[in-house]
Amino acid sequence: MALRAALRGRLSQLSSCTGHGRVCVPPTLLTQQRNSSTSPKIKVDLDQSTGVAVMRMQSPPVNSLSLDFLTELCISLEKLEMDKGCRGLIITSSQPKVFSAGLDIMEMYGKSPERCGEFWKAVQEMWLKLYSSNMVTIAAINGSSPAGGCLVSLTCDYRIMADNPRFSIGLNETQLGIVAPFWFKDTLANTVGHRHTEMALELGLLYNPAEALKIGMVDQLVPEDQVLSTATETMTKWLTIPEHARQITKSMMRKPTIDKLTSNRDADIHNFVSFITKDSIQKSLRMYLEMLKKRRG
Amino acid sequence: MALRAALRGRLSQLSSCTGHGRVCVPPTLLTQQRNSSTSPKIKVDLDQSTGVAVMRMQSPPVNSLSLDFLTELCISLEKLEMDKGCRGLIITSSQPKVFSAGLDIMEMYGKSPERCGEFWKAVQEMWLKLYSSNMVTIAAINGSSPAGGCLVSLTCDYRIMADNPRFSIGLNETQLGIVAPFWFKDTLANTVGHRHTEMALELGLLYNPAEALKIGMVDQLVPEDQVLSTATETMTKWLTIPEHARQITKSMMRKPTIDKLTSNRDADIHNFVSFITKDSIQKSLRMYLEMLKKRRG
Amino acid sequence: MALRAALRGRLSQLSSCTGHGRVCVPPTLLTQQRNSSTSPKIKVDLDQSTGVAVMRMQSPPVNSLSLDFLTELCISLEKLEMDKGCRGLIITSSQPKVFSAGLDIMEMYGKSPERCGEFWKAVQEMWLKLYSSNMVTIAAINGSSPAGGCLVSLTCDYRIMADNPRFSIGLNETQLGIVAPFWFKDTLANTVGHRHTEMALELGLLYNPAEALKIGMVDQLVPEDQVLSTATETMTKWLTIPEHARQITKSMMRKPTIDKLTSNRDADIHNFVSFITKDSIQKSLRMYLEMLKKRRG
């Protein structure tokens, strides 16, 4: 009952992020149909002269964070992290209207516990790598960024979002009947404080850019066509900061939060797997997927 | 000396929350004279069709949190919590101009250590039940809400206050020479952050509605006659959220704070009893009570 | 490379805090040349009738926190703390345009590990004494207040800053290639929250008064010639609060932060000494000092 109402609520939220009559998030089912598993899901361009890499998520249609996607992302991050010539990373999307729609629901629906565990470990890995990166990381949020997409942006040192009221951002897991784990919560609380995190997570709120700026979920709004150029300019400033001191400072700020997951990875995987494989949760996901199908049908 | 000055300060604060020439808080002495111990202090109306209960505090004149009041409140909460048909709770006041004046000073003045300990245990119990409630809880703050009254509202998921500048809200214990315990402090810090909590508690600040909204102590202001209806509308939205996910999320946000008291209840009772039964504190309370008498005389 | 760029960045920041064509912070080299080690660096006036002491930092040119300065400060603080007649402390500067330029770089450059350790212990001691003071402490920030100068003001109960856009305040250590330790970080986070602290420390940001007010780094801006009088008026209000309750409350708010350093002083000294005596850090400091010389040349 509550779920159905929630889905209705969510649908109206989704439609508010529709552009040109087309739902932009999160038709993750489409992923299955359209994605070519052979083409790279991540494109990285490193400018050797500036030491700045631009990472473009290009997994149609909505950059869902599938296991394949996460694996590719982690490999890319590891390479950049070890490359002395790379000091800054800008993360953005090649897909229209969406930064990333978040975790791929198909990875959580009808899968074996083993596979679910493997998937969750990859989500953890991505977060650990991003949140603890020695590079300066800037999110150039050029579209909607719900759930896991929001998490990716929250791991960055700075967030610039396109000032388009059709876009939204937030950890809206609760709206789908699932729960953001403690390290999603910690990352958000480190950004917007305890009270906004409580409201945001309990209600699964999606914020438009102006609201997100107001509570500090993003740092800056710019016109849609200036997101990447502003990120590049901002990066230039950040790279003037003495690197060693900046890195130690970043680690000091984030280590306690990172340690909490590092010392609890297995328990966290276990929690996720037992929750997501529950009949009631699987039923919720099925209803959600069927609703998406109908809407597209 | 300092106390006398403080009381003067407090008197002027109180007069700023006077309506129609009558002091509205906290003549808790009156409680003793007017209260009928047989009439219920709490009135609960549960709408079975919506699953929403409205709890009206109706202990004249100012809903002081006496031991009897707290006992009744806890019993009501327990019943609602166990009632599967009740999913949301709105807490409001039947008394004019006051939500609740907070802890009943008469329970702390001239009482035996045993009785003080019993009283404090009931205060703890109320907080534990409210702050950890599985229900959606909304405070419909239709009057002034100092000290323990503020605490009640802070335990809720959402706070709507009457936009009447004569009303005030805050944890003003310090002004009376007593100290808000660590779990009052934690509850406030979870709502308005560390710095505002430090200022608020050190100075025993009472905020008018606009100030309270600004620092996030309340979430929304509405005209006085729309407090309850707005609470009801807000509740409807909250109840569309998938319940299980919302409850787990709420617990994740609040469990560390709750655990701190749960694992320290006896020590906290002991601290309170030794503090409140000190001669100097009892003297402060007597001066305060005499001052209230004179004002009314 | 990064450092040089950082220094350029810093120079432009510095010039933005130049008044009448003269750099106001932080020509700490000058300290060496002009300071008379015999004249007192701290002047304390205690008004017995009000119980309020005004502490003036008067170590030309910029109140650098040298070992001598810190020692004198700590002795003064201890005397005031033990004086029952002193209940409030206002900290301000006798130097034009600067509150305090922060830690004296000469104490960190070319010094033996033993001497560096002695210096750092004095910095710890100052912070411990100020942050845990039983007195009401108010910072009357009548000039720029970078790094350690900002820290001094952050330890106070209330911060009033001169509304002069040429003045700046912030923990800008990173800009110099050094790192604010965890207790500087904790003090700032307790004031402006986690996210602003992360940004402020990673970038070594200096804020103008309006910006500092906006994020809560200071509590109030007043015209330059009213800083001290406003501090005195504010103190009068704070001293009306029942003292014992206020002190217990302040301790409750700050004890966890203080305990973190108290139980880690030796390790913290060791960390500082091994960091600051590194060749690379000494080289950074030398470049910085030479740059200051040239600018003045």
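Attention here is on the structure that accompanies the text. (Residues numbered from 1 in each chain as written. Chains lettered and ligands numbered in written order. Predicted model: local features only at pLDDT ≥ 70, side-chain atom pairs only at ≥ 80, totals over all residues. Heavy atoms only, no water.)

All right, on to the overall build of chain A then. In terms of helices and strands, chain A carries 12 helices and 8 strands. Each of the 297 residues in chain A was classed as buried or not, and the buried ones make up 62%. (Helix = DSSP H or I, 4+ residues; strand = E, 2+ residues; numbered from the N terminus. Buried < 20%, exposed > 50% of the residue type's maximum accessible area, 1.4 Å probe, protein only.)

What follows is about the relation of the copies chain C and chain B. Between the two copies, chain C and chain B, the superposition gives an RMSD of 0.0 Å; the rotation angle is 120° and the shift along the axis is 0.0 Å. Classification of the inter-copy transformation places it as that of a three-fold axis. Among all residues of chain C, the one whose C-alpha sits closest to the rotation axis is C:Gly193, at a distance of 4.2 Å. (Least-squares fit on C-alpha atoms with pLDDT ≥ 70 in both.)

Here the focus is the interface of chain B and chain A. Each partner contributes to the interface: chain B provides 22 residues, whereas chain A provides 23 residues. Looking only at chain B, the three residues that lose the most surface to chain A are B:Pro242, B:Met252 and B:Met253, adding up to 31% of its buried area. At the junction of chain B with chain A, the criterion picks out 2 salt bridges. Two residues, A:Glu198 and B:Arg254, come together in a salt bridge whose shortest N-O distance is 2.9 Å. Of all elements in the fold, only β8 (158-162), α6 (182-203) and α9 (243-262) of chain B reach the threshold of two or more residues within the side of chain B that touches chain A. Ranked by residue count, the leading element in the side of chain B that touches chain A is α9(B), at 10 residues. In terms of residue class, the side of chain B that touches chain A is built from 9 nonpolar, 5 polar and 8 charged. (Contact = heavy atoms within 4.5 Å. Buried area = accessible area lost by both parts, 1.4 Å probe. Salt bridge = Lys/Arg side-chain N within 4 Å of Asp/Glu carboxyl O. Nonpolar A, V, L, I, M, F, W, Y, C, P; charged D, E, K, R; others polar.)

Here the focus is the interface of chain C and chain B. How big an interface is tends to be stated in terms of accessible area lost as the parts join. Chain C puts 22 residues into the contact, and the matching count from chain B is 23 residues. Between chain C and chain B, roughly 1900 Å² of surface is buried when both sides are summed, and carbon and sulfur atoms account for 67% of that area. If you sort the residues of chain C by the area they bury against chain B, C:Pro242, C:Met252 and C:Met253 come out on top, with a joint share of 30%. Taken together, the links from chain C to chain B amount to 6 residue pairs in polar contact (both at pLDDT 80 or more). (Polar contact = N/O pair within 3.5 Å; in protein donor to acceptor, adjacent residues only side chain to side chain.)

Residue and element names in this part refer to chain A. Within the structure shown, the criterion is met by 21 aromatic pairs over all chains. Ring plane angle 70° and centroid distance 5.0 Å describe the contact between tryptophan 183 and phenylalanine 184, whose orientation is recorded as edge-to-face. Three or more aromatic residues joined by ring pairs form one cluster here, namely Trp120, Trp127, Tyr131, Trp183, Phe184 and Phe272. (Phe/Tyr/Trp six-rings, centres within 6.5 Å; stacked < 30°, edge-to-face > 60°.)

Moving on, we get to unusual backbone geometry. Trans is the prevailing form of peptide bonds, just as negative phi is the prevailing case for residues other than glycine. Omega for the peptide link from A:Pro60 to A:Pro61 comes to -5°, which places this bond in the cis form. Residue placement: A:Pro61 occurs in the loop between β2 (52-57) and α3 (67-82). You will see that B:Asn63, though not glycine, has its phi angle at about 50°, which is positive.

So, about the sheet that holds strand β6 (residues 158-162) of chain A. Residue and element names in this part refer to chain A. Reading across the sheet, the 6 strands line up as β1-β2-β3-β4-β6-β8 and stay open at both edges, with mixed pairing between neighbours. In this open sheet, the two edge strands, each paired with only one partner strand, are β1 (42-47) and β8 (220-222). The mean inter-strand angle of the sheet, taken between neighbouring strand axes irrespective of direction, is 20°. Direction of pairing for strand β4 (residues 136-141) relative to β6: parallel, over a ladder of 4 bridges. Across the sheet, residue alanine 140 finds its bridge partner in β6, namely isoleucine 160. (Pairing = 2+ DSSP bridges. Axes fitted to C-alpha atoms, helices over the stretch in contact; angles between N-to-C directions.)

A few words now on helix α10 (residues 265-276) of chain B. Here α10(B) is 12 residues long and its end C-alpha atoms lie 16 Å apart, about the 16 Å a rise of 1.5 Å per residue gives. Of all the residues in α10(B), the buried ones are B:Arg265, B:Asp268, B:Ile269, B:Phe272, B:Val273, B:Phe275 and B:Ile276. Viewed along the axis of α10(B), the buried residues span an arc of 165°, placing them on a single side of the element. Projecting away from the buried face of α10(B) at angles above 90 degrees are the exposed residues B:Asp266, B:His270 and B:Asn271. Packing partners of the buried residues in α10(B) comprise α4 (113-131), α6, α9 and α11 (279-296) of chain B together with α10 (243-262) of chain C. (Expected span 1.5 Å × (residues − 1). Arc of directions from axis to C-beta.)

This part takes up the pairing of strand β2 (residues 52-57) of chain C. All names here are of chain C. By the criterion of burial, β2 is predominantly enclosed, with 5 of the 6 residues buried. The sheet contact formed by strand β1 (residues 42-47) and β2 spans 6 bridges and is antiparallel. Paired with leucine 46 across the two strands is alanine 53, which belongs to β2. Counting the residues between successive antiparallel strands, the hairpin from β1 to β2 contains 4 residues, one of them, glycine 51, with a positive phi of roughly 75°. Strand direction decides the pairing type here: β2 and strand β4 (residues 88-93), joined by 6 bridges, are parallel.

Considering the arrangement of structural elements, one finds C:Lys250 in helix α10. Looking at C:Lys250, the relative accessible area reads 3%, which means it is buried. Setting aside its immediate chain neighbours within four residues, C:Lys250 contacts B:Glu202, C:Tyr131, C:Ser133, C:Met135, C:Thr137 and C:Asp157.

Ranked by internal contacts, the top residues of the largest apolar core, which has 92 residues, are A:Ile91, A:Met126, A:Trp183 and A:Met217. Among the elements that make up this core, the one with the highest residue count is helix α4 (residues 113-131) of chain A (10 residues). Residues within four places of A:Met126 in sequence aside, it is in contact with A:Leu65, A:Leu70, A:Leu73, A:Cys74, A:Leu151 and A:Val152. Membership of the second largest hydrophobic core comes to 91 residues, among which are B:Ile169, B:Trp238, B:Phe272 and B:Phe275. (Core = buried A, V, L, I, M, F, W, Y, C linked by side-chain atoms within 4.5 Å.)

Residues and elements named next belong to chain B. Spatially, the 6 strands line up as an open sheet ordered β1-β2-β4-β6-β8-β10, and their pairing is mixed. Strands at the two margins of the open sheet, each flanked by one partner only, are β1 (42-47) and β10 (220-222). On average, each strand axis in the sheet is inclined to that of its neighbour by 20°, with strand direction left out of account. Bridge analysis of β8 against β10 gives 3 bridges, and the strand direction is parallel.

Moving on, we get to the environment of C:Leu285. Residues and elements named next belong to chain C. By secondary structure assignment, the location of leucine 285 is in helix α12 (residues 279-296). Put simply, leucine 285 and threonine 230 are 55 residues apart on the chain and 38 Å apart in space, counted from C-alpha to C-alpha. With sequence-adjacent residues up to four places away left out, leucine 285 is seen in contact with Ile105, Met108, Tyr109, Ile178 and Ile276.

Take the pattern of salt bridges next. Applying the stated criterion across every chain, the model contains 51 salt bridges over all chains. A:Glu125 is the salt-bridge partner of A:Lys129, the closest N and O atoms lying 2.7 Å from each other. With a gap of 4 residues between them, A:Lys129 and A:Glu125 both fall in helix α4, about one helical turn apart. Of the residues examined, A:Lys129 reaches a relative accessible area of 19% and is grouped as buried. Salt-bridge contacts for C:Glu125 lead to C:Arg265; the nearest nitrogen and oxygen are separated by 3.0 Å. Taken as a pair, C:Glu125 in helix α4 (residues 113-131) and C:Arg265 in helix α11 (residues 265-276) lie far apart in primary sequence, 140 residues in all. You can call C:Glu125 partly exposed: its relative accessible area is 25%.

In this section: the environment of B:Asp104. Residues and elements named next belong to chain B. Tracing the backbone shows aspartate 104 in the loop between β5 (102-103) and α4. The spacing of aspartate 104 and aspartate 68 is 36 residues in sequence and 10 Å in space, taken between C-alpha atoms. At a separation of 3.0 Å, a polar atom in the side chain of aspartate 104 contacts the main-chain amide nitrogen of methionine 106.

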